[in-house]
Amino acid sequence: MNLQQRKWLFLVLLTLVWGSSYILIKKALLGFEPITLSALRITTSSILLLMIGFSSLKKIKKNQWKYIFYTAFLGTFFPVFLFSFAVQEIDSAIASMLNSFTPFNTFIIGIVVFGFGFKKKQFIGILFGLIGTSILILKGADMNPNQNYWFSLLAILATFGYAMNVNILKKHLSDLDALAIITGNFLMMLPPAIAVLYFSGFFSTFSGNQMQMDSIFYVVILAIFGTGIAKVLYTKLVQISTPVFASSVTYLMPLVAIFWGFLDGEKLSILQLFAGFIIMFGVYLVNRAR
């Protein structure tokens, strides 16, 4: 399989896995609070990855550990918590659409932090994205008055973390084995995740009832596929392509998430679908003009 084929294979696999993650988060939240779910997800992923990739840690050089730290917390730890709180309050399909802001923020951070220039088409693309997001949130709040759409801001904030992560990966860790990077990430995150899990009351309140056991099942699936395997694939994709191409997985994820949301009875209007396309068109303009 040549490089181009590998890039598209990784992109399709990530679309399917991450597009399905939102409905899994929604189901897992039936048994746990967002903070408990997030800490449990990271703890489970950490244990699994350390079992598989512990020997790869020796590949990490001393001067690379600070970037491992940055990518761990910006690219996984904080976004996992932010999206769990967001999905508790808004539909999973909407959360996936908001994740489409990742390529925007990858571009913006590239300008602000890494000093890249920009073109007029890219600025127009950003305006399209902001218009689409506004429609998406306002219409969602109108259709679902029982949902708190202020929590949409948490999903958007998480995309800034993802954008910082992809830029750091490409600039500072592109020559390091993907499994070593992800195993190092989760080694960093394991202690705080266990601490959060403890202080959330998980160990003292876990009763093992059916709802909690179902949630544990969803967490394990999330940990293995949505966090562990997907993170390794994504890191490999960043290394063999560009930050923009890698973050473009967020254009496609909503298609999978909308499908699962529809099966789960989530309401989505034609206007919201149109808003989603406006966001994606804006992202297309941003990246087309690069």
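Residues numbered from 1 in each chain as written. Predicted model: local features only at pLDDT ≥ 70, side-chain atom pairs only at ≥ 80, totals over all residues. Heavy atoms only, no water.

Asker: Honestly, the overall build of the chain in this entry has me stumped. Any pointers?
Answerer: If you tally the helices and strands in the chain, you get 13 helices and zero strands. For the chain, the N- to C-terminal ordering of α and β elements is α-α-α-α-α-α-α-α-α-α-α-α-α. Taking 19 Å as the expected radius of gyration for a compact globule of 290 residues, we find that the chain reaches 18 Å, a close match to that expectation. C-alpha extents for the chain along the principal axes are approximately 50 × 45 × 35 Å. The long-range fraction of contacts in the chain, counting pairs at least 24 apart against all pairs at least 6 apart in sequence, stands at 89%. A total accessible area of about 13300 Å² is found for the chain, and carbon and sulfur atoms account for 71% of it. (Helix = DSSP H or I, 4+ residues; strand = E, 2+ residues; numbered from the N terminus. Rg over C-alpha atoms; globule rule 2.2 N^0.38 Å. Contact = heavy atoms within 4.5 Å. Areas by Shrake-Rupley, 256 points an atom, 1.4 Å probe, with all protein chains shown as cover.)

Asker: I'm lost on a nonpolar patch on the surface in this one. Help?
Answerer: A surface patch of nonpolar side chains, about 290 Å² in accessible area, is lined by V220, I224, F225 and I229. By the element assignment, I224 lies in helix α10 (residues 210-240). The exposure class assigned to I224 is partly exposed, which follows from its relative accessible area of 30%. (Patch = residues over 30% accessible without salt bridge, like charges linked within 9 Å, V, L, I, M, F, W, Y side chains within 5 Å. Salt bridge = Lys/Arg side-chain N within 4 Å of Asp/Glu carboxyl O. Buried < 20%, exposed > 50% of the residue type's maximum accessible area, 1.4 Å probe, protein only.)

Asker: Got a minute to help me understand the packing of aromatic side chains in this structure?
Answerer: Each aromatic ring pair is specified by the distance between its two centres and by the angle formed by the two planes. A full pass over the atoms with the stated rule returns 17 aromatic pairs. Consider the rings of F77 and F81, whose centres lie 5.0 Å apart with planes at 45 degrees: the pair is tilted. Taken together, the positions of F77 and F81, both in helix α3 (residues 65-89) and four residues apart, correspond to about one turn of that helix. Take F77: its relative accessible area is 8%, and that puts it in the buried class. Among the aromatic residues, those joined into a cluster by ring pairs are Y67, F69, Y70, F73, F77, F78 and F81. (Phe/Tyr/Trp six-rings, centres within 6.5 Å; stacked < 30°, edge-to-face > 60°.)

Asker: Would you explain α3 in this entry?
Answerer: At 3.6 residues per turn, the α-helix brings residues three or four places apart onto the same side. When the terminal C-alpha atoms of α3 are compared, their 36 Å separation across 25 residues agrees well with the 36 Å that a helix rising 1.5 Å per residue should span. Its axis deflected by about 35 degrees at P79, α3 carries its strongest bend there. (Expected span 1.5 Å × (residues − 1). Bend = angle between axes of the 7 residues up to and from the residue.)

Asker: Help me understand the nonpolar core, please; the structure alone is not making it clear to me.
Answerer: Side chains of nonpolar character tend, in soluble globular proteins, to be buried together. In terms of nonpolar packing, the biggest core is built from 70 residues, with L14, I42 and Y234 touching the most fellow members. Ranked by residue count, the leading element in this core is α3, at eleven residues. Excluding residues within four positions of it along the chain, Y234 makes contact with L14, W18, N165, V166, A246, S247 and V249. (Core = buried A, V, L, I, M, F, W, Y, C linked by side-chain atoms within 4.5 Å.)

Asker: How should the pattern of salt bridges be read in this particular structure?
Answerer: If the charged atoms of two oppositely charged side chains come close together, the side chains can form a pair. In the structure shown here, the tally under the stated rule is three salt bridges. Across the salt bridge formed by D264 and K26, the nearest N and O atoms sit 2.8 Å from each other. With D264 in the loop between α12 (249-263) and α13 (270-288) and K26 in helix α1 (residues 3-28), this residue pair connects regions lying 238 residues apart in the sequence. Residue classification places D264 among the partly exposed residues on the basis of a relative accessible area of 27%. As a salt-bridge pair, D264 and K27 come within 2.7 Å of each other at their nearest N and O atoms. One end of the pair, D264, is in the loop between α12 and α13; the other, K27, is in helix α1, with 237 residues separating them in the sequence.

Asker: It is not clear to me how the packing of helix α5 (residues 101-112) against helix α7 (residues 152-172) should be interpreted in this structure. Could you clarify?
Answerer: It is at 8 Å that the axes of α5 and α7 come closest, and there the two elements cross at 55 degrees. One element, α5, and the other, α7, form an angle in the oblique class. Along this stretch, α5 crosses α7, giving a crossing that reads as right-handed. For the pair α5 and α7, contact is made by F101, T102, N105, T106, I109 and G110 and by I156, T159, F160, Y162, A163, M164, V166 and N167, respectively. Each residue belonging to the contact of α5 with α7 can be placed in one class, and the counts come to eight nonpolar, six polar and no charged. (Axes fitted to C-alpha atoms, helices over the stretch in contact; angles between N-to-C directions. Parallel < 35°, antiparallel > 145°, perpendicular 65-115°, else oblique. Left-handed = near helix turned anticlockwise from the far one by under 90°. Nonpolar A, V, L, I, M, F, W, Y, C, P; charged D, E, K, R; others polar.)

Asker: Please explain α1 as it appears in this structure.
Answerer: Relative to the 38 Å expected for 26 residues at 1.5 Å per residue, α1 spans 36 Å between its end C-alpha atoms, a close match to the ideal helical length. Along its length, α1 reaches its greatest deviation from straightness, about 30 degrees, at Y22.

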